[in-house]
Amino acid sequence: MEHRRSDRVWSRGGIAAVMAICAAVVLLVMIGGAAPASALPSFARQTGQPCGTCHTSFPGLTPFGRRFKLLGYTTGGGLYKTTPFGNNNGPQQAYAALRDYANRTDGGGAAQSATSSGERGWVPPISMMAIAGFTHAQADIPAPTDPYRPNDNTVLTPFSGFWGGAVTSNIGAFAQVTYNAPGPVSGLSGAPADKFLHTWTWDNTDVRFASTTRIGPLDIIYGITANNNPTVQDLWNTTPAWTFPYAVSNLGSTPGARTIIEGAFAAHAVGVGGYTMINDMLYLEATGYQTLRFGQQNSLGVDPFGAPGLFSGVAPYWRVALEPHWGPHTFMIGTYGMVFNVNPWIDSTFVQGTTGVLGIADRFTDVGFDSQYQYQGSNYWVTLRANYLREFQQLNASFPTGASANPSNLLNSLRLTGEVTFGGDNRFALTGQYFKIWGTPDANLYSVGGGFANNSPNSSGWMAELDYIPFGMGKAPGWPWFNAKIGLQYVYYNKFNGTTLGAQDNNTVFLHAWFAM
Amino acid sequence: MSIITRSACTAALLMVLSALTAPMATAVAGEPTVSVQNCTWCHGTSAQGYAIAPRLAGQRPAYLETQLKSFHERFRDNPLSRQYMWSATAVLGPQAARDLAAYFATIPPRPANDGNRNLAATGRTIYMEGIPDANIAACYACHGPNAEGIRDIPRLGGLSRFYLKARLEQWAQGYHSVPGSPMPLVARPLASAEIEALASYLSFIK
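Here we summarise the structure given alongside this text. Here the structure is a predicted model, which is why all the values come from computation and not from measurement.

1. Quick notes on the overall build of chain A
Moving on, step 1. Scanning chain A for helices and strands turns up six helices and 20 strands.
Moving on, step 2. For chain A, the proportion of its 517 residues judged to be buried stands at 56%.
Moving on, step 3. The long-range share in chain A, meaning contacts at least 24 apart out of those at least 6 apart in sequence, stands at 70%.
Moving on, step 4. Of the accessible surface of chain A, which amounts to about 18900 Å², a share of 64% is contributed by carbon and sulfur atoms.

Below, the structure written as structure tokens:
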């Protein structure tokens, strides 16, 4: 399996730096006051709602949060004009239309012109985010560790810029640009391909058109999504793009094997698809993806060799989810999947200087089953999430070239997550997860050189995270939309890359502070 | 076609679709528009209620209007109103509230049907006759024989069990709805079994 290249900048420092940042955040909260802010502050400006309306522990979504996304990030209601365009259906026009209607039904009456009080001008829906983290691993990183210490490193990155909000009354976007910088020297391959590692890259992007209609007894929401990462458009935090853990230390080790849909082509591919929600209950989606060409990926700041190759043809993605809801309970059961025909790189080390792909393709069929139960209590949320992925690998290219030892393999991935959040504006979140990756042993895919033991992709373990989310930090000077989260994460491995032996050396403590403004 | 051209085409298509649907929304008055979506986002696509947000469809317009005013003035103060409706009405002017109320009132309501069937008969008796010994008034007197409401007295028929139950409990707990409401007096003597029965009965009414 391909290795995730570590490409984040880490600066020297210690736990003291992160503690100082956390202290500063707490202080800001205390002097701050309580104007609401949202996880993506531009969404709060647009809707007028505090972030707790849409998020349990961001980016985890509540039922209203899912609907906001479903409706294309276009919903307004806040103090600020939703879109920059005058010819659009702003609240004024909509009210005018409704007034018309009201007049016709109750036989006239002089319509007054006063509508919404005190609406303000348009502010571009731009936000920024940064994460500062301190990582302690049970065992040191292998030398050479430059520019870092072997352990206990502090980092202030990644840094992201976002466009989050309505473009017109039917089109909205969530688009992210992220700054990362080179990882430790031991993380580099030493091959000429290292020159394709970048600092600035386009990140999760989802542009939507959404509208509603009624067909007979059915309420229909329908839309189009254009995005760059399969499942980034999904509404539930069970599917890979937005699943827990939301922040991971890149200095901690992570299991080497994962299914393709778990991010292997994130930002390497673009897709366009259609979706619908019927009677606020049944969600259906079909999207087709294609990889960007080598040069296009490179110019968007993506290392093309970071993905296993290029798609031959369009890779179809499907999604079905049924979400019954009653009062404070919502339940979802769903399935999704994708078929990838991937032409592997001829030489991903770039030693031969070629950016070409083989003429034959590996076929990966990923099928996922997921479920979620969410309960809204008086001052708390409970969310249980399950996701199971089964990947059928038909290695028609990797087997003949010797990249794999078997012509076909199976790979499975399971995540069971429980999350409890307490409080409104000053919120605590406790999240636990059991994860397991298992599949067919393969001497070449999961070789000792690749960091595996027993030719096995298997890993399993537990994760726990405690977060403090001071949602209510309002009155930051000049910019009343600031939000933060402080998280302490612990990852424990029962098994790591095929062996229980020394698996615990990969256990990681990750203390991080997350800012959005 | 290159990916870039294709992306450009997609963007263009999105723009055209947006341009096509936007005028439609204004042309057909009463159709969903962006401002209605500011409410149906939470209250459900045709305002039949969604999760904790109650149904607005078919509600008495005068009632909706007084409640919107009450949220705007932060008088209606139960926890979910504070949490969601205060922000949702913060910039809502009186005329806008009136227009939205008129709009939602015209949507045919669908019953939630989520109560306990076994309690419906008990609930109906309390609704129609009250419990004079326990000082419980007949709801029928104000809310009408079919719980359809009149003027600023709301339609109760078909609201969700969860919502009805919370409302009836909250008056006794001292939360406010609108100034001068008779409901705190009406709801105070209700025991939790009676609330459960009433909420179940009402949830089934078409």
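2. A short note on the nonpolar core
Looking at soluble globular proteins, one finds that nonpolar side chains tend to be buried together.
Moving on, step 1. Ranked by internal contacts, the top residues of the largest apolar core, which has 44 residues, are Phe 64, Leu 70, Trp 236, Met 277, Tyr 283 and Trp 514 of chain A.
Moving on, step 2. Listed by contribution, the elements that provide at least two residues to this core are α3 (63–70), β3 (126–137), β8 (269–278), β17 (426–439), β18 (459–470), β19 (483–495) and β20 (508–516) of chain A together with α2 (34–43) of chain B.
Moving on, step 3. Tallying contributions element by element places α3 of chain A first for this core, with three residues.
Moving on, step 4. Beyond its immediate chain neighbours, meaning those up to four positions away, Tyr 283 of chain A contacts Leu 70, Gln 233, Asp 234, Leu 235, Trp 236, Tyr 275, Thr 276, Met 277, Arg 319, Val 320 and Ala 321 of chain A.
Moving on, step 5. Ala 257, Ala 264, Phe 265 and Tyr 317 of chain A belong to the second-largest nonpolar core, a separate cluster that totals 23 residues.

3. Things to note about the pairing of β17 of chain A
Residue and element names in this part refer to chain A.
Moving on, step 1. Side-chain alternation along β17 places Arg 427, Ala 429, Thr 431, Gln 433, Phe 435, Ile 437 and Gly 439 on a buried face and Asn 426, Phe 428, Leu 430, Gly 432, Tyr 434, Lys 436 and Trp 438 on a face that remains uncovered.
Moving on, step 2. Alignment of strand β16 (residues 408–422) against β17, held across 12 bridges, turns out to be antiparallel. Within β17, the residue paired with Leu 416 across the bridge is Tyr 434.
Moving on, step 3. Bridging between β17 and β18 involves 12 bridges; their strand directions are antiparallel. Residue pairing in the sheet places Phe 428 in a bridge with Tyr 468 of β18.

4. Things to note about unusual backbone geometry
Residues and elements named next belong to chain A.
Moving on, step 1. Residue Pro 59 follows Phe 58 across a cis peptide bond; omega there is 5°.
Moving on, step 2. You can see Pro 59 is positioned in the loop between α2 (41–47) and α3.
Moving on, step 3. A positive phi angle, close to 65°, is found at Phe 350, a residue other than glycine.
Moving on, step 4. Within the secondary structure, Phe 350 is located in the loop between β13 (329–344) and β14 (362–376).
Moving on, step 5. We classify Phe 350 as buried; its relative accessible area is 12%.
Moving on, step 6. The phi angle at Asn 454 is positive, at roughly 55°, despite the residue not being glycine.
Moving on, step 7. Note on placement: Asn 454 falls in the loop between β17 and β18.

Cut-off values and rules
- Residues numbered from 1 in each chain as written.
- Chains lettered and ligands numbered in written order.
- Predicted model: local features only at pLDDT ≥ 70, side-chain atom pairs only at ≥ 80, totals over all residues.
- Heavy atoms only, no water.
- Helix = DSSP H or I, 4+ residues; strand = E, 2+ residues; numbered from the N terminus.
- Buried < 20%, exposed > 50% of the residue type's maximum accessible area, 1.4 Å probe, protein only.
- Contact = heavy atoms within 4.5 Å.
- Areas by Shrake-Rupley, 256 points an atom, 1.4 Å probe, with all protein chains shown as cover.
- Core = buried A, V, L, I, M, F, W, Y, C linked by side-chain atoms within 4.5 Å.
- Pairing = 2+ DSSP bridges.

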